[in-house]
Amino acid sequence: MGAQVFQTKEVQELLKAAAGLNEGSGGPRFRQIVYRLLSDLFKAIDDLDITPNEVWAGVNYLNKLGQDGEAALLAAGLGLEKYLDLRMDAADKQAGIDGGTPRTIEGPLYVAGAPVRESVAKIDIDPDHDAAPLVIHGTVTGPDGNPVAGAVVECWHANSKGFYSHFDPTGAQTELNLRGAVRTGVDGKYEFRTLMPVGYGCPPHGATQQLLNALGRHGNRPAHVHFFFTSANHRKLTTQFNVEGDPLIWDDFAYATREELIPHVIEKTGGTALGLKDDAYEAIEFNVTLTPLLQGKDNQIVNRLRVETTA
Ligand code: FE
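Note that the coordinates shown come from a computational prediction; the quantities given were computed from them, not determined experimentally.

## Focus on the overall build of the protein
Line of reasoning, step 1. Counting its regular elements, the protein contains six helices and 13 strands.
Line of reasoning, step 2. Considering only C-alpha atoms, the protein reaches an extent of 75 × 45 × 35 Å along its principal axes.
Line of reasoning, step 3. Relative to its 311 residues, the protein shows a buried fraction of 43%.
Line of reasoning, step 4. The long-range share in the protein, meaning contacts at least 24 apart out of those at least 6 apart in sequence, stands at 72%.
Line of reasoning, step 5. Positive and negative charge centroids in the protein, built from 28 and 40 side chains respectively, lie 6 Å apart.

## Comments concerning the coordination of the iron ion
Line of reasoning, step 1. Of the protein atoms, only Tyr164 (OH), His224 (NE2) and His226 (NE2) coordinate the iron ion, at distances of 1.9 to 2.1 Å.
Line of reasoning, step 2. Taken in sequence order, the residues that donate to the iron ion follow the motif Y-x59-H-x1-H. Remark: His224 occurs in strand 8 (residues 224-230) and Tyr164 occurs in the loop between strand 5 (152-157) and strand 6 (179-183); sequence separation between them is 60 residues.

## A short note on the sheet that holds strand 8
Line of reasoning, step 1. Pairing is mixed in the open sheet, where five strands are placed in the order 2-6-5-8-9. Two strands lie at the open edges of the sheet, namely strand 2 (116-118) and strand 9 (237-242), each paired on one side alone. Strand after strand, the sheet turns through a mean of 25° between neighbouring axes, direction not considered.
Line of reasoning, step 2. Across five bridges, the pairing between strand 5 and strand 6 is antiparallel. By the bridge assignment for strand 6, Trp156 is matched with Arg179.

## Considering the packing of aromatic side chains
Line of reasoning, step 1. All chains considered together, the criterion is met by twelve aromatic pairs.
Line of reasoning, step 2. Relative to Phe286, the ring of Phe229 has its centre 6.4 Å away and its plane inclined at 55°; by these criteria the two rings are tilted. Residue Phe229 is located in strand 8, and its partner Phe286 is located in the loop between strand 11 (281-285) and strand 12 (288-289); the two are separated by 57 residues in the primary sequence. Considered together, Phe229 and Phe286 belong to a single accessibility category, that of buried residues.

## Re helix 6 (residues 207-215)
Line of reasoning, step 1. Where helix 6 is concerned, the buried positions are Ala207, Thr208, Gln209 and Leu212.
Line of reasoning, step 2. Of the surrounding secondary structure, the elements contacted by the buried residues of helix 6 are helix 3 (52-68) and helix 4 (71-77).

## Brief notes about the side chain of Thr139
Line of reasoning, step 1. Mapped onto the elements of the fold, Thr139 is located in strand 4 (residues 133-141).
Line of reasoning, step 2. Polar contacts involving the side chain of Thr139 include one to the side chain of Lys189, which spans 3.4 Å.
Line of reasoning, step 3. Here Thr139 is in contact with Asp187, Gly188, Lys189, Tyr190, Phe286, Asn287 and Val288, once residues within four sequence places are set aside.

## Digging into a nonpolar patch on the surface
Line of reasoning, step 1. Taken together, Leu80, Tyr83, Leu84 and Leu86 make up a surface patch of nonpolar side chains, about 390 Å² in accessible area.
Line of reasoning, step 2. Residue position: Leu80 is located in helix 5 (residues 80-94).

## Description of the pattern of salt bridges
Line of reasoning, step 1. Scanning the model with the defined rule gives 14 salt bridges in all.
Line of reasoning, step 2. Its salt-bridge partner being Arg103, residue Asp89 comes within 2.6 Å of it at the nearest N-O pair. Highlighted residues: Asp89 in helix 5 and Arg103 in the loop between helix 5 and strand 1 (111-112), separated in sequence by 14 residues.
Line of reasoning, step 3. Overall, Asp89 belongs to the partly exposed group, its relative accessible area being 21%.
Line of reasoning, step 4. Arg103 is paired through a salt bridge with Asp92; the nearest N and O atoms lie 2.8 Å apart. Remark: Asp92 occurs in helix 5 and Arg103 occurs in the loop between helix 5 and strand 1; sequence separation between them is eleven residues.

Thresholds applied
Residues numbered from 1 in each chain as written. Predicted model: local features only at pLDDT ≥ 70, side-chain atom pairs only at ≥ 80, totals over all residues. Heavy atoms only, no water. Helix = DSSP H or I, 4+ residues; strand = E, 2+ residues; numbered from the N terminus. Buried < 20%, exposed > 50% of the residue type's maximum accessible area, 1.4 Å probe, protein only. Contact = heavy atoms within 4.5 Å. Lys, Arg positive; Asp, Glu negative; His and termini not counted. Charge placed at Lys NZ, Arg CZ, Asp CG, Glu CD. Donors = N, O, S within 2.8 Å, 3.2 Å for Na, K, Ca; no water. Pairing = 2+ DSSP bridges. Axes fitted to C-alpha atoms, helices over the stretch in contact; angles between N-to-C directions. Phe/Tyr/Trp six-rings, centres within 6.5 Å; stacked < 30°, edge-to-face > 60°. Polar contact = N/O pair within 3.5 Å; in protein donor to acceptor, adjacent residues only side chain to side chain. Patch = residues over 30% accessible without salt bridge, like charges linked within 9 Å, V, L, I, M, F, W, Y side chains within 5 Å. Areas by Shrake-Rupley, 256 points an atom, 1.4 Å probe, with all protein chains shown as cover. Salt bridge = Lys/Arg side-chain N within 4 Å of Asp/Glu carboxyl O.

Here it is in structure tokens:
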């Protein structure tokens, strides 16, 4: 056991000073959070006798994390983003909100700016010889079970290499490839004509994978498709589905899998008439139920840094 100094007056004064508690300006909420987090860190260093070498390894790691631009990816991998979902689930339960399609994490790879089409969009811009055609379709309904007209459905997913456009390290994809948006009509229906994604792996030499390696964890996700559902009279839904049959469905490094978010994959023919590259294709029906505004407000709008682009 190393020396215990956390409880000393000197350390407690240091914490207060470092968190700005003695200052008149700055934000009280921000000070409160920094004071708590810094206190927890100092206490952990005492309790676990974390050595200077270990502290500096951590500090250096934060530099690498920033250089790699992977802080949001690490937030997913360490379950922080899942934890926020679990807290929102609990808040919904407390507020008596029930019956909507479950939320799951947004992840760090959304790009705003896909053109909004009416009801149907073909979103594969680049050829991908290793990917089979896929039609994603469904109906957006409200809590009353009626179709929601005018809902905007956005989706984004990886290609057959597990890369997302804009973030593709090979530079192979056109901006906004495999990203789309449609507005539902009176029937509440939406459809994306696209290509089957595969699972995603963290950049192998990035800071996130480095940390996961040290924990003995992998950094892979099952094949999945992300969605935002936005409607004027409902709360925004951020969710995903996993592609049925993927071996990693219950071993997702980002903990996004939910029982209700694994729709069936159906083999179909007639793709040529839909403008798909093959006549045989796979279809996934993903019907979604939105939840009502809470006292007239959408409390599901989360602000975070997002890429915005144009086609
Ligand atoms: Fe993803």
